[in-house]
Amino acid sequence: MSPVRALRDPFHHRSRVEALRQQVGEMATSLARPVTLMEVCGTHTHAIAAAGLRHLLPANVRLVAGPGCPVCVTPVDYLDHALALAAQPDVTLCTFGDLMRVPASRRDSLERASARGADIRVVYSARDALQVARTRPQRKVVFLAVGFETTMPTVAAALAEAEALGLANFMILSGSKVIEPPLRALAADPDLHLDGFLLPGHVSVIVGADFYDFLRRDCRVAAAIVGFAPVDILRGVAELLRQISEGRPQVRNLYARVVTAAGNRTARAMLHEFFEPTDTNWRGLGRIASSGLRLRPRWKHRDATSLPVELPAPLEPRGCRCGDVLRGAIAPPACPLFARGCDPEHPIGACMVSSEGSCAAWYRHERHAAGAGA
Amino acid sequence: MCLALPMHLTARREFEGDAELGGVRRTISLLLCPEANVGDHVLVHAGYAIARIDRAEAEATLALLDATLGVDPDVVPEPAHGAQARRP
């Protein structure tokens, strides 16, 4: 067995999954009332759907998906801005593949712009975008920097390399988000009644376990940092049920093989060097203070918002309830467009595009298992 | 999109490294994880190592879990919810 599989497989082990499922079932019988837990991270949403974990849980433990799919929470106006840049004759856009099919205003998308002849490249890493800038010095190469605390240090590292190389034609359009403000907003949302969070494992690698102390202190919700294998996720659910039963919310780190108390200081220093907090729009959650990151003024020459373009008034798709899905207020099938005009082949809302989007994950993995309502 | 994969670091050149997963090799950046050494397992996100994986911690987690739940990892239950068990 390869060394990497030897590390991964034990966390998928069927005996452990079954024992944890039984443990969760037993713990659920002593709950005083039904509880609602939220997995915040889109990668968790995808992992939970792919393993069918939602249907292994007892009926009084509801697990809802949160706003942690970066593509899904990217608002229409960001995509409109990217499209306006793509229309410039001297601009090459570089983007993660997820963003290509996300609907902008008037059902336009990067994919459609690319078909019209715009110079748009799908990249795997911010470093690949840097490479495009190196090989095409006559083009302005703009990287669409969409992501949370996990991804933004990689963008900062690419910017540091661009500075070191004196690469003047590398720029970014920041659409980045940070996780604390929405966690606070969701914990306080009276419609949701959240009892606990499964915290995003890879954001936690960067910010560290101690970062979440505000949840215990200010929000009084149960919380556990968990990895992405079925054993990790079920351990997290059991831990949240324990905290809820005992009435003692805390933040438990159950992903200690990669998450430390202090997190990745090198990555945070790099992030801090290039970025500062700013108010930003979230699809579904609206404008949240200090929930985004923008380039610091001294890096203005790297900021694609300084390029002059005309921006149309943003237009949200009609009938789409991505917003309510992202808040965990409704499950995807409750949206009138779900599988009735909106599907992964022809997405209308952002949540149907990314494999991490709640609607796409539900459509692919849970539609038939769950029946209509759920 | 916060997907990150464990990879095995097989070579290092200053702030770049070669990493391997299931026969696939990639050049990755070590700018965000300068403490990584050849032989380490690192967590890779979008072309950058973002953490070393603590293998001893992973083993301790599993040992504690098995002790708490009474799981024998050598016994694998049948798919129908563990009615029968067999030795692999």
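Nothing here was measured: the structure is a model prediction, and the numbers come from that model.

S.K.: How do you make sense of the confidence of the model for chain B when you look at a structure like this?
M.R.: Note: predicted coordinates in regions of low pLDDT should not be interpreted at a detailed level. Residues and elements named next belong to chain B. Looking at chain B, pLDDT values average 87 and 84% of them are 70 or higher. Confidence, read as mean pLDDT per element, is least for strand E7 (residues 85-86) in chain B (45) and greatest for strand E5 (residues 48-52) (98). Here residues 80-88 scores under 50 on pLDDT; set against residues more than four positions off or in separate chains, the count is 18 contacts. Here the predicted complex scores 0.92 on pTM and 0.92 on ipTM.

S.K.: For this particular structure, what's the right way to read the interface of chain A and chain B?
M.R.: By a widespread convention, an interface's size corresponds to the accessible area lost as its parts come together. Between chain A and chain B, the contact holds 47 residues from the first and 46 residues from the second. In total, chain A and chain B occlude about 4000 Å² of area from one another, counting both sides; carbon and sulfur atoms represent 69% of this. For the salt bridge of Arg127 of chain A with Glu16 of chain B, the shortest nitrogen-to-oxygen distance reads 2.7 Å. Here chain A and chain B share 12 residue pairs in polar contact (both at pLDDT 80 or more) between them. Going through the elements one at a time, helix H1 (3-8), helix H2 (14-29), helix H4 (70-73), helix H8 (152-165), helix H10 (201-207), helix H12 (230-246) and helix H13 (265-274) of chain A are the ones with two or more residues in the side of chain A that touches chain B. The element contributing the most residues to the side of chain A that touches chain B is H2 of chain A, with 8 residues.

S.K.: Looking at this structure, I do not really get the sheet that holds strand E11 (residues 275-282) of chain A. What am I missing?
M.R.: One key point about sheets: their strands pair by backbone hydrogen bonds, in either a parallel or an antiparallel sense. Residues and elements named next belong to chain A. The strand order E7-E12-E11 describes an open sheet built from 3 strands, whose pairing is antiparallel. Strands at the two margins of the open sheet, each flanked by one partner only, are strand E7 (176-177) and E11. Bridge count between E11 and strand E12 (residues 286-295): 7 bridges; the pairing is antiparallel. What sits directly across from Glu276, in E12, is Arg294. Sheet strands touched by H13: E11 and E12. Its angle to E11, the strand with the most contacts, is close to 80°.

S.K.: Mind showing me how you'd approach the pattern of salt bridges here?
M.R.: Residues and elements named next belong to chain A. Taken as a whole and assessed by the stated rule, the structure comprises 36 salt bridges over all chains. Across the pair Arg184 and Asp218 runs a salt bridge, and its minimum N-O distance is 3.0 Å. Taken together, the positions of Arg184 in helix H9 (residues 180-188) and Asp218 in helix H11 (residues 213-219) put the pair 34 residues apart, joining distant regions of the chain. Residue Arg184 is classed as partly exposed on the basis of its relative accessible area of 30%.

S.K.: Any chance you could explain the state of the cysteines here in plain terms?
M.R.: Simply put, disulfide is the name for a covalent bond between the sulfur atoms of two cysteines. All names here are of chain A. Summed over the entire model, instances satisfying the criterion amount to 1 disulfide over all chains. The disulfide that involves Cys69 links it to Cys72, with 2.4 Å between the sulfurs. Taking the torsion about the S-S bond as the criterion, the Cys69 to Cys72 disulfide, at about 65°, is right-handed. For Cys219, which is in no disulfide, the shortest distance to another cysteine sulfur is to Cys41 and amounts to 19 Å. On the basis of relative accessibility, which here comes to 15%, the residue Cys219 falls in the buried class. The thiol of Cys335 is unpaired, and the distance to the nearest cysteine sulfur, on Cys320, comes to 5.7 Å. By relative accessible area, which is 7% here, Cys335 ends up buried.

What counts, and at which threshold
Residues numbered from 1 in each chain as written. Chains lettered and ligands numbered in written order. Predicted model: local features only at pLDDT ≥ 70, side-chain atom pairs only at ≥ 80, totals over all residues. Heavy atoms only, no water. pLDDT = per-residue confidence, 0-100. Helix = DSSP H or I, 4+ residues; strand = E, 2+ residues; numbered from the N terminus. Contact = heavy atoms within 4.5 Å. Buried area = accessible area lost by both parts, 1.4 Å probe. Salt bridge = Lys/Arg side-chain N within 4 Å of Asp/Glu carboxyl O. Polar contact = N/O pair within 3.5 Å; in protein donor to acceptor, adjacent residues only side chain to side chain. Pairing = 2+ DSSP bridges. Axes fitted to C-alpha atoms, helices over the stretch in contact; angles between N-to-C directions. Buried < 20%, exposed > 50% of the residue type's maximum accessible area, 1.4 Å probe, protein only. Disulfide = S-S within 2.5 Å.

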